[in-house]
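Spelled out, the chains give:
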Protein chains: 4
Amino acid sequence: MADSAPFGNYQYEIYLKGLADELPKLPIAWDALEAAAAEKLDAGAHGYVFGGAGAEDTMRENLEAFRRRRLLPRMLRDVSERTTVTTVLGQELNAPIVLAPVGVQSIVHPDGELAVARAAAAQGTTMIASTASSFTLEEIAEAGGPRWFQLYWPRGRELAASFVHRAEAAGYTALVVTLDTWLLAWRPRDLQGAYLPFLKSIGIANYLSDPVFRSTLADPPEEDPQGAVGQFVGVFSNPTVTWEDLAFLRETTDLPILLKGVLHPDDARLAREHGVDGLVVSNHGGRQVDGAIAALDALGPIVEAVGDDLALVLDSGVRTGADVAKALALGADAVGIGRPYLWGLAVAGEAGVTHVLKNLLAELDLTLALCGLTSPAELDGAAVTESA
Amino acid sequence: MADSAPFGNYQYEIYLKGLADELPKLPIAWDALEAAAAEKLDAGAHGYVFGGAGAEDTMRENLEAFRRRRLLPRMLRDVSERTTVTTVLGQELNAPIVLAPVGVQSIVHPDGELAVARAAAAQGTTMIASTASSFTLEEIAEAGGPRWFQLYWPRGRELAASFVHRAEAAGYTALVVTLDTWLLAWRPRDLQGAYLPFLKSIGIANYLSDPVFRSTLADPPEEDPQGAVGQFVGVFSNPTVTWEDLAFLRETTDLPILLKGVLHPDDARLAREHGVDGLVVSNHGGRQVDGAIAALDALGPIVEAVGDDLALVLDSGVRTGADVAKALALGADAVGIGRPYLWGLAVAGEAGVTHVLKNLLAELDLTLALCGLTSPAELDGAAVTESA
Amino acid sequence: MADSAPFGNYQYEIYLKGLADELPKLPIAWDALEAAAAEKLDAGAHGYVFGGAGAEDTMRENLEAFRRRRLLPRMLRDVSERTTVTTVLGQELNAPIVLAPVGVQSIVHPDGELAVARAAAAQGTTMIASTASSFTLEEIAEAGGPRWFQLYWPRGRELAASFVHRAEAAGYTALVVTLDTWLLAWRPRDLQGAYLPFLKSIGIANYLSDPVFRSTLADPPEEDPQGAVGQFVGVFSNPTVTWEDLAFLRETTDLPILLKGVLHPDDARLAREHGVDGLVVSNHGGRQVDGAIAALDALGPIVEAVGDDLALVLDSGVRTGADVAKALALGADAVGIGRPYLWGLAVAGEAGVTHVLKNLLAELDLTLALCGLTSPAELDGAAVTESA
Amino acid sequence: MADSAPFGNYQYEIYLKGLADELPKLPIAWDALEAAAAEKLDAGAHGYVFGGAGAEDTMRENLEAFRRRRLLPRMLRDVSERTTVTTVLGQELNAPIVLAPVGVQSIVHPDGELAVARAAAAQGTTMIASTASSFTLEEIAEAGGPRWFQLYWPRGRELAASFVHRAEAAGYTALVVTLDTWLLAWRPRDLQGAYLPFLKSIGIANYLSDPVFRSTLADPPEEDPQGAVGQFVGVFSNPTVTWEDLAFLRETTDLPILLKGVLHPDDARLAREHGVDGLVVSNHGGRQVDGAIAALDALGPIVEAVGDDLALVLDSGVRTGADVAKALALGADAVGIGRPYLWGLAVAGEAGVTHVLKNLLAELDLTLALCGLTSPAELDGAAVTESA
């Protein structure tokens, strides 16, 4: 066979290399994958991972916001040579797509974050490991892929510093500080069954393995698991944290710092004033403030306010290659995906995550090419318009 | 356990105190609770309480109007100390939420308004008792909670004055005068079965117990129930009432007076000119003028017209903590909820109302906190935006 | 019983006079009535009467256009004395509601137009009898109610004049000339079954009874029915008619002339120039040009162009009292209803039409009252707003 | 029978000539026809022909864009004499409707493009034959109807020139160069089953019959079918082609050249600069860039940019006569239909395509007439408005 000319690389494998034999178990259309994942999980885990806050209105609005923007393809540009490689925070990413931090992944699949980390590493995709991971950040790092660490800023600066220094030591190259979860939101699905994995010691591996945390326990967690859980609940979050406290983090690490959960342009400006390196424009996938603005709708004013100065990652509602392209055209430097890779994890563990990543990378590559673009950096406001 | 840091108080009870064992019978998501309530009631009672006027277009529009507004959370503000306490009409409310007046609650549950009053009192929530209650205003007052009295202004000033003076005597601290129900609207569900509780002597307790009303009867209602019903029908409303008549009420009582059902800013201005203290911006939950503007859409112009001078309560369409926050951000001082507490009442009597109140208070508290606010008073136009 | 104070008159009958016993067979909510009518008819008749042109997009849009407008009720106006009486073309109507012309009603119910005419006469509602009626215009006139005659302008001025003079003689007081049906539209439901009542001699009574028409036949229709049908097809419409031809009609009759089917303001201006008295702003209920503008959306520009000079009746999409109020607030002098009365006719003949008329009149009366208005004439632009 | 006055010609046949006996097998309403076609095909062929790219969002948006525009009919113009004849590129078309190019039609029906060509020829409708047809362009030409040739510009100018010269020799009168398919888009339905007809030698007839193509093969395709498929895959598309390469085509043929897939007005300007004759404004029916702007939404800016200079054909989303009229009113010179004729082909082969063409031509004729127009050329911006 002469050439794979009319195919993207992964398409080529699917259509021409018999890969399709595996696919019946792994739906490609995202809504079919979502449905397959739902069948795999019990109601508790399903509600926790795939549900949202309140009436789940912001969950829906996140998706609608993408529908309201339309791509404007350009023709007759040489797109035979393309790349999805992107530079964010001076770091080269294989694509403008990162795995948004999600905790307690072992409720989705026993391999949890380890499966995700392996799949991401194999694709070269940057994974943001959650403080609330089922496995320790060191275990996750063993997969060897590019990785950032998400920080739930705990009560107690010593513990916060310990997490940061462990992340540095384990090779994480950026710190993503979540600002929108000082309290758990009102989530009817979880509340209905009082489903909270932490209370069963799931998702607190980073705490149980932390010397500072352990030093605060009367007994080692191996002997008194519930005591450890109680202590975890007490230190998990610190709603007294304000902008001034960022100086502490800034002094604690040389890693680039991104603030996650920023939706208001004034907060974006404050972030710049306080010396952070980037933002994750996000409403936590509709899991925190129900009724909040769609992340994509929040992006424009933030780009206008700080787009030249801060790295901007957008998450909440990204499903397809077209969504990635739209977010970048509107000014994001990269996007985070959350639920999609968890659907893959639920359905087939590491193979499922690989499936999702390959699909999304392939779809993005093709979207760029068919829009007449050869790299994500070429996406700008000219490539997108509002729906009429 | 050190602290309930990442939890709101009621969440804490649900997740950590085993409260969840009771919950399977009490849905948390509002649409699930609504569905459970529908199963509890016969068609007549269901249509009366949960149906609306005409094609129920305004019922739907009330909900849509909330969907069109989006919250804009702020980050990194110290939200460790918060309150939902609100001052309206110089009265301290436990939250900017009152129970909108609803008549004939005994068709929903035999304990009717008494169950609601007890639940509200226990939570410290202000209940607006309806003139058309199944129990007398004095019986409702026995629950001891904060309470306002809703007046269906009857034909005959003597009877009107009697109601007002009884309310004063029973400790009601404000008078809510309904303006939008001089006639029953065209309600197909009720008309289909000719379902009207009053005709079976339900919802006329305040009349049957009133000395002025009784003095107009040929025979005591105990002897001639149908005669009393007929007399009730004749005096229930007075469509000749105009702005000039408000002077009578103003002279009759020192209680603050709110006019309920105002949707037009010119009526808001007239209300101010006529010396009332507040308004309930409301379309009666879509039960009176089908096709009417959504209450939330009516709010803005009214705030602009009289927002600095009159207390503004909004009802019609409030379902979630996000809805409360949006209404306050748009200028309301408080909201009224109606159907939601009746769903609770239908499903589990007093316990069901308690359930709804606790949920809504908790959700509001968390919404405030996660928006970076520590009190309802901080909600202003900067916290809300139109959907893109 | 002292008084029917809180009730409209018809409500009073329903709630208090046992009328409800009949109602289970006669749904009140319009969508339920529509569904009941659908069950009564075979597919052919159902498709013909209740279907529309093309993809039925304009049928849907007609309804949506009403949803986009919202009523703005006013409070505290004395509404104890009200009327729905309206003056159009110098004629007093019992309400701003007329029965839009619909042909071949015998396919809906054997009593067809006679049942409708009797019901309308009993209510005092003006009926527009169709040229294509199942019974002759003289038979329809026997019901004795107020009536206008709709003209399908035939090929041949002699026949046109004959129809007009017959209508005058039979007491019709206005002429409604349909402009939008020189050709039958593309109606998939009818085409699918080649269902066309005229071909079975239904709906051509006015032709068969006309001396001019009969004079053109080789044999009397009683002997050669198909020959008469063929002749009918040949003369039914005259797509060569232009504005200039209106002078002929103007000279032929002193009846006020309304042009039905006008949607463009320039056509409204031309109508005024050519001396007509009024317009029916209509897209034929979505049965002619699929994709056409909703009649209610067309109304505004037409009101602006000629609203001071011509009587304006709006039809296409009117279902509820709120719809009537919205159309009048936007500048119509009256509305026509079509499908709703046919649903009643299908379900219960004359009694069903009576049911629909009583319901709609009652709902309009209540809508006016609850908007703070005592007559249709008070409805103006201040009573309506766009949905936010 | 005197005359077919109130009927369009094809209506006349249906209603009066018993044609309806055949219709039960051939649905007229487009959604019913679509459903019937879906039942005829296996999942693979169905997904390939009727599915779209990505989440099929652009497929939906294409339809929505037509819903957002409304026709504004005019009255009282003489429409007794009408034509649908249209001149595009100096060529007279029987109507402003062409058959958009679709490849591999033998997966829909064994007669594939031959059935379509015969049906189109019988109606006088211009067919755009695809490079990827199941039969050779010469075989398709034998039907004798008006025809254009769609070019998938291959790798290798010699092969491209061979296709063009064969098309000239076979009587094709315009060249439609597809710009939006240098790579196959991400199409979940096809990928799920690795369904790609080309790999089974379907849709490569023009290659297998081409002397230039055959000269590149080691063995004749009759002996080594898979080798030929491999060679096809290698030459099918050439993503290095840019605007400069158009000069080659311009020099190779005197046929008018249209560029298909243009959505951005700047590309339309570039097309004009590079001397092409027309554009097909298209997003490939939502099969290439998911998330792309609806073709109809892209039309306006392109008309503004080059509408006076280039012929503009619009495809993607056209279903009804109203859609054709809207596109023309917004500035297109003609439209292409795709899926609709394939539904007909799937259901009944040539007879099904004939059915679709007759229906659409009849509906367009009636739409024009009922809008007060006697020819497509009269459609301009005054005939269309945005939905309110």
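None of these values were measured; they are calculated from a predicted model.

Asks: Would you mind going over the interface of chain B and chain C with me for this structure?
Replies: Interfaces are frequently sized by the accessible area removed from exposure as the parts join. With 52 residues of chain B at the interface, the matching set in chain C holds 48 residues. Three residues stand out in chain B for area buried against chain C, namely B:Leu183, B:Trp186 and B:Gln192, and they jointly supply 19% of the buried area on that side. For C:Arg74, the salt bridge identified is with B:Asp267, shortest N-O distance 2.9 Å. Going through the elements one at a time, helix 4 (57–67), helix 8 (188–193), helix 11 (225–235), strand 8 (257–262) and helix 13 (265–273) of chain B are the ones with two or more residues in the side of chain B that touches chain C. If you tally residues by element for the side of chain B that touches chain C, the top one is helix 8 of chain B, at five residues. Split by residue class, the side of chain B that touches chain C holds 26 nonpolar, 14 polar and twelve charged.

Asks: Even after reading the chapter, I still don't get the sheet that holds strand 5 (residues 126–129) of chain A, so can you show me in this structure?
Replies: Residues and elements named next belong to chain A. The strand order 4-5-6-7-8-9-10-11 describes a closed barrel built from eight strands, whose pairing is parallel. The sheet shows a mean angle of 30 degrees between the axes of neighbouring strands, direction not considered. In this sheet, strand 11 (residues 334–337) lies alongside strand 10 (residues 311–314) in parallel orientation, the contact comprising two bridges. Counted as the bridge partner of Leu314 is Val335 from strand 11. Strands strand 4 (97–99) and strand 5 of the sheet are contacted by helix 5 (residues 112–123), whose axis makes an angle of about 160 degrees with strand 5.

Asks: Sorry if this is basic, but what is going on with the side chain of D:Arg166 here?
Replies: Residues and elements named next belong to chain D. With respect to the helices, strands and loops of the structure, Arg166 is situated in helix 7 (residues 157–169). A distance of 2.8 Å separates polar atoms of two side chains, one belonging to Arg166 and the other to Glu138. When near neighbours in sequence (up to four residues on either side) are disregarded, Arg166 contacts Thr136, Leu137, Glu138, Asn206, Ser209 and Asp210.

Asks: Is there a simple way to think about the packing of helix 5 of chain A against helix 16 (residues 339–370) of chain A in this case?
Replies: Packed helices, taken two at a time, are described by the angle between their axes plus the distance between the axes. Residue and element names in this part refer to chain A. For the pair helix 5 and helix 16, interaxial distance at closest approach is 10 Å and the crossing angle is 20 degrees. Classified by the angle between their axes, helix 5 and helix 16 sit roughly parallel to one another. You can see that helix 5 and helix 16 cross each other, and the crossing is right-handed. Residue-level contacts link Gly112, Ala115, Val116, Arg118, Ala119, Ala120 and Gln123 of helix 5 to Tyr341, Leu345, Gly349, Glu350, Val353, Thr354, Leu357, Lys358 and Leu361 of helix 16.

Calculation rules
Residues numbered from 1 in each chain as written. Chains lettered and ligands numbered in written order. Predicted model: local features only at pLDDT ≥ 70, side-chain atom pairs only at ≥ 80, totals over all residues. Heavy atoms only, no water. Contact = heavy atoms within 4.5 Å. Buried area = accessible area lost by both parts, 1.4 Å probe. Salt bridge = Lys/Arg side-chain N within 4 Å of Asp/Glu carboxyl O. Helix = DSSP H or I, 4+ residues; strand = E, 2+ residues; numbered from the N terminus. Nonpolar A, V, L, I, M, F, W, Y, C, P; charged D, E, K, R; others polar. Pairing = 2+ DSSP bridges. Axes fitted to C-alpha atoms, helices over the stretch in contact; angles between N-to-C directions. Polar contact = N/O pair within 3.5 Å; in protein donor to acceptor, adjacent residues only side chain to side chain. Parallel < 35°, antiparallel > 145°, perpendicular 65-115°, else oblique. Left-handed = near helix turned anticlockwise from the far one by under 90°.

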